Structure formats: C-alpha cells, structure tokens
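The residues making up each chain are set out below.
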Amino acid sequence: MSLERLDETQVAPPSGGRATGARQRSRRGLVVAAVAVVLFGSSGSVWWIASQARTPEQRASNAAAPPPSQITGKVSDQQFVEKMELTGKVETASRTTITGVQPQGTSRAVVTALPAAAGKSLKAGAVVAEVSGRPVLLLPGRFPAYRDLKAGDKGPDVQQLQRALQPLYGTAVNGTYGPATVEAVRKLYVAAGYEAPAGQGPSTTGGGGSASGTARGGEASPGGGAAPRGGAETDGGTGAAPGAGGTGGTGGTGGASAPPARGPDTPPASAAGPAKPGELLPAAEVAYVSALPATVVQVAAAVGDAADKPLVVLGSGGRQVRAALSADQRTQLRDLPADAVIRFGTGPYEGREGTLGSLSSPADGKSGDQQGKSGGQDGAATAGTAGTGSGTGSGGSNGSGSAGGQHEALFVPTGAEAKEGSTQQISVELRRSPKGALTVPVSGVWTDLGGSSTVTVTEGGKERNVPVEVLFTHEGLSAVRALDENLAVGQTVVLVRRGRPAGGSDSGSGGTDD
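Residues numbered from 1 in each chain as written. Predicted model: local features only at pLDDT ≥ 70, side-chain atom pairs only at ≥ 80, totals over all residues. Heavy atoms only, no water.

(A) Quick peek at the overall build of the protein. Helices and strands together make up the secondary structure of the protein, namely five helices and 23 strands. Every one of the 514 residues in the protein was classed for burial, and the buried ones make up 40%. At a minimum sequence separation of 6, the contacts of the protein that also span at least 24 residues come to 72%. Element-wise, carbon and sulfur atoms account for 54% of the exposed surface of the protein, whose accessible area totals about 26,200 Å². (Helix = DSSP H or I, 4+ residues; strand = E, 2+ residues; numbered from the N terminus. Buried < 20%, exposed > 50% of the residue type's maximum accessible area, 1.4 Å probe, protein only. Contact = heavy atoms within 4.5 Å. Areas by Shrake-Rupley, 256 points an atom, 1.4 Å probe, with all protein chains shown as cover.)

See the structure below:
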C-alpha cells in the first residue's frame, strides 16, 4: 500500500472563514445606512429651520387683520309656505253601538247570530244581529225606538218608521200605523228571512209618544213599568224621543205636535180583528242609524254571549280623518285662517283638498272646538244601546272628548269614501307669504335696538340700507316688504360681514363675524 500526498489546491477551506466574511459585509451595510439617515435628518432640519425664518416685515404682515370680506345673498320673489304635516286614520263620521235587549216572549237575551262581519256594508233592512232567535233590523232614523209600535199607534216614531220604509215599499208618511204600514213591516221581516210579529188588533190608545206603552197582546210590561225600550242611539238625534212627541208621562198625549189627520192608512177606531203579521214592531227588533249604508266597524260580541252588552259598532255618514296633535299644533289649527288650504298627501285621498271639522283636547270632555267654516261633522261617536237609548258621547269610540286623553283634529275629505282604518297624510297650510312680498335669507335682515329692520344692498362696491317690514320667517327665509321701494328682485344683500357690521352700525343684530 502507498500513500499519495494531496495537492494543497484540492484542500477545502475551513467553514469558519466563510462566516467571518459575511459578518464583515453586514457591518459595512449598517454603517452605510446610518450615514444615510444622518444626512437625511440633517437636511430636513435645515429645511425646517429655513422655513421658519421670517423677516420683521413678514411677521408684521401675518399679524395684521385680514382684509374686509362678506357673504352675500340674492333677493327673490319666491313665495313660501309654512306647513304642518300630520298623519291620521280614516274613519266614519259617526259611530253607533248596537246593544241587544231581551225580546218579548223569551226567557234570556242571548246572541244567536252575528251575520254582519267587520268591514261589511249594510243597507236598510239588513239584519245587524240576532238575539234569542229574533232579528235586529237596521233602518235609517234620527232617534232610537223608544216603544213597541202597534197598529193604530201615532206619533213621530211612527213617522220615522214610515220614512225609513218609504224607499223600500212606498209607504205613505202620515204618522199613523195603519194597514199600509202593517204590510210594509211584514215585507221587511220576510225580506230578512224572519216571521213578522203579530199584534192583537189595532191599538186603541193612539197616543203619540207615550213612553210607558204596553207589552205584546195588550199585557202590561213586567213590574208595571215602561215596556222594554229598544233601538240604537244615533248621532243625528239627542239620544231620546223628540220633545214634540215623545217622552211624556204615562198615558200623555206626548207634546205640542198633534198627530196628522185621518188618512187612507188610518184604521177605523172600532176596527179589531185577528192578529196579523206586521201589526207589531218591537223596539228591541229595530235599530236606527243616522245614515245608510253603514259599515261594520267592530263586532264586539260572539255567538252565545249574553246580549245585554255592545254587540256591533257601526260607522256611517261619510268619512273623516282623525289625527293626533301636540298642544302647540292644536293652538295653530285653532287660529287657522279661513282661506288656509288643507291638502291630503300619501293615502286614499292623495291630491285632494279637505276642511277642518273640529278640534278636541283632553280638558274639553266634549267634542271640542267647532270650525263653522268647514261645514264638516264633529265626529261625535255615540255609545247608545238598543236597550236604553242612552245619551250621546263624542270624539272616538270611547264616548269622551278625545280618545286616549290626547289632542286631536278631525279633517273632512272630499271625494269617494275610503276604507276604514287607512293611513292618510295631511298637509295643513298655516301661513303663506303674501303676493308682492320679497324673500331674503334670514341672516340678511338686520334689526337694531329700536326694533327697526333693514337689509343692506350692495351694488358696484357701494352699500345702502333699505328699511323693511318682516312679515314672517320660516326655514331660514324671511318674507319682507320694502318700506321705501328701493328693494327689487335679483339685488344682492349682505348676509355676513367680517370687519364691521352690515348696515354701518356696531349695534343691532345680524350676521356679523367680527
């Protein structure tokens, strides 16, 4: 075996030498970077110091007040309007609450049918409810039924019945419950699908408006008192029988209005015979409302309930829009000019105009201020019942001044009827700038300590003060009238001035910015 000597050039350098070279190169890079940062920082410092250097003249110029400046605006003849925007709900102009009573010949007053659903429109002769198997028939009238009517009866309640039946069956209006009226009542029941009640011959009392009356078949009512009362309270009446015919004592003739003379519908005084359908109309089976058709606003009862409570709420007499108000808004509407424009926005009456019907407030306890110029209804809502014929309420379904103890306004729209409960926007014009008035920005009006107002007109570098009367201000604009005819559309007025007040005075108010 022989050993060969390795050439020195083939021997690899130790690894420690390569690491030492890398460290040396890194140090050189750091040194170069540090020198560059120092040079850049020095240059920036020199620039900043040079930029802050000022001569005395420059310092004096910077300390001086800025040159006078101003902001101006234009005079226009724009007519602007101050409006009140409200949101309301569409409702019927009057409300009638139907409450059942116990029909004669039954032992209990029970709701046995409610054929009229909410939202349904009802006409004359419609059945609004059924109590203990007997109908409550709907008819137009100003006051509720206050006694059972029988053949031979006379009085204002007979006339009201005949007026309601005339468009249906051609019944003559003579104030006497005669054969023609008997036949019309029979047809009314047949059309409704019920058997008409029969009396026992014509009544021999003939008294117009006796509140006591007798029960069916001539028998005295239980307890010896008045016969059961019926009908529904309506907005058009007073909640009781008219004084001319109706609430006299037992057996009285009923007032100053004498019954009409005997006519073709008047039965002979001695006429008596077998009972005929239609000779009796129980008060418990008829409900009068002020206007028809009527809309079912609410069904308050259910089949099987006791009928001595509200059954159905009806709305009639056109439409109105009820809106809630703040106290300030009520005051503004109370002082509304007679020529103010009320226009309806988004809603079923959009684009149409209306009138203000009435105002109410929690303190009123009644329907509120009437706006005679409107000719609208006051929105009184009756809470009358078929059993008692109680007095009228007002404003809203609760029978008090304003629903929920808040200020309210009722607006009467024009045009076709809208759906009950629809949301309606209302825009009320409170004030409008008059014709011939000029409009300037509110900051262009300068008022001195004495209360005199001026605007400063600038033309060709010259200024002059023009005395004006401020009519009213709204949304940053003032409607003014020049007092010396030296103000015209298109002229420039000073709004804000830097250096001294516009108008050449150090006192007063305006848009100065000293």
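(B) View of the packing of aromatic side chains. All chains considered together, the criterion is met by three aromatic pairs. Both rings, one in Phe-143 and one in Tyr-146, keep their centres 6.2 Å apart while their planes meet at 35°; by these two values the pair is tilted. Neither Phe-143 nor Tyr-146 differs from the other in exposure class; each is buried. Taken together, a centroid distance of 6.0 Å and an interplanar angle of 50° make the contact between Phe-344 and Tyr-349 tilted. (Phe/Tyr/Trp six-rings, centres within 6.5 Å; stacked < 30°, edge-to-face > 60°.)

(C) Quick look at the pairing of strand 9 (residues 286–289). Of the two faces of strand 9, the one lined by Val-286 and Tyr-288 and the one lined by Ala-287 and Val-289 are each fully buried. Pairing of strand 6 (residues 134–140) with strand 9, which is carried by four bridges, proceeds in the parallel orientation. Bridging from a neighbouring strand, Leu-137 pairs with Val-286 of strand 9. (Pairing = 2+ DSSP bridges.)

(D) Spatial organisation of the environment of Ala-113. For Ala-113, the location among the structural elements is in strand 3 (residues 111–113). Overall, the relative accessible area of 23% leaves Ala-113 in the partly exposed class. Sequence separation between Ala-113 and Glu-130 is 17 residues; the distance between their C-alpha atoms is 4.9 Å. Ignoring any residue separated from it by four or fewer positions in sequence, one finds Ala-113 in contact with Ala-129, Glu-130 and Val-303.

(E) Layout of the sheet that holds strand 6. The four strands lie next to each other as 3-5-6-9, forming an open sheet whose pairing is mixed. Each of the sheet's edge strands pairs with one partner strand only, and the pair in question is strand 3 and strand 9. Strand after strand, the sheet turns through a mean of 35° between neighbouring axes, direction not considered. Pairing between strand 5 (residues 127–131) and strand 6: four bridges, direction antiparallel. The partner of Val-127 across the bridge, within strand 6, is Leu-137. With respect to the sheet, helix 3 (residues 156–169) is in contact with strand 6 and strand 9, its orientation differing from that of strand 6 by roughly 85°. On the sheet, helix 4 (residues 179–192) packs against strand 5 and strand 6 and is oriented at approximately 115° with respect to strand 6. (Axes fitted to C-alpha atoms, helices over the stretch in contact; angles between N-to-C directions.)

(F) Summary view of the pairing of strand 21 (residues 477–482). Relative to strand 21, strand 17 (residues 438–441) runs antiparallel, the two being bridged by four bridges. Looking across to strand 21, one finds that Val-440 is bridged to Ser-478. What sits between strand 20 (residues 462–474) and strand 21 in their antiparallel hairpin is a turn of two residues, with Glu-475 showing a positive phi close to 50°.

Scope: geometric values only; no functional claims are made or implied.
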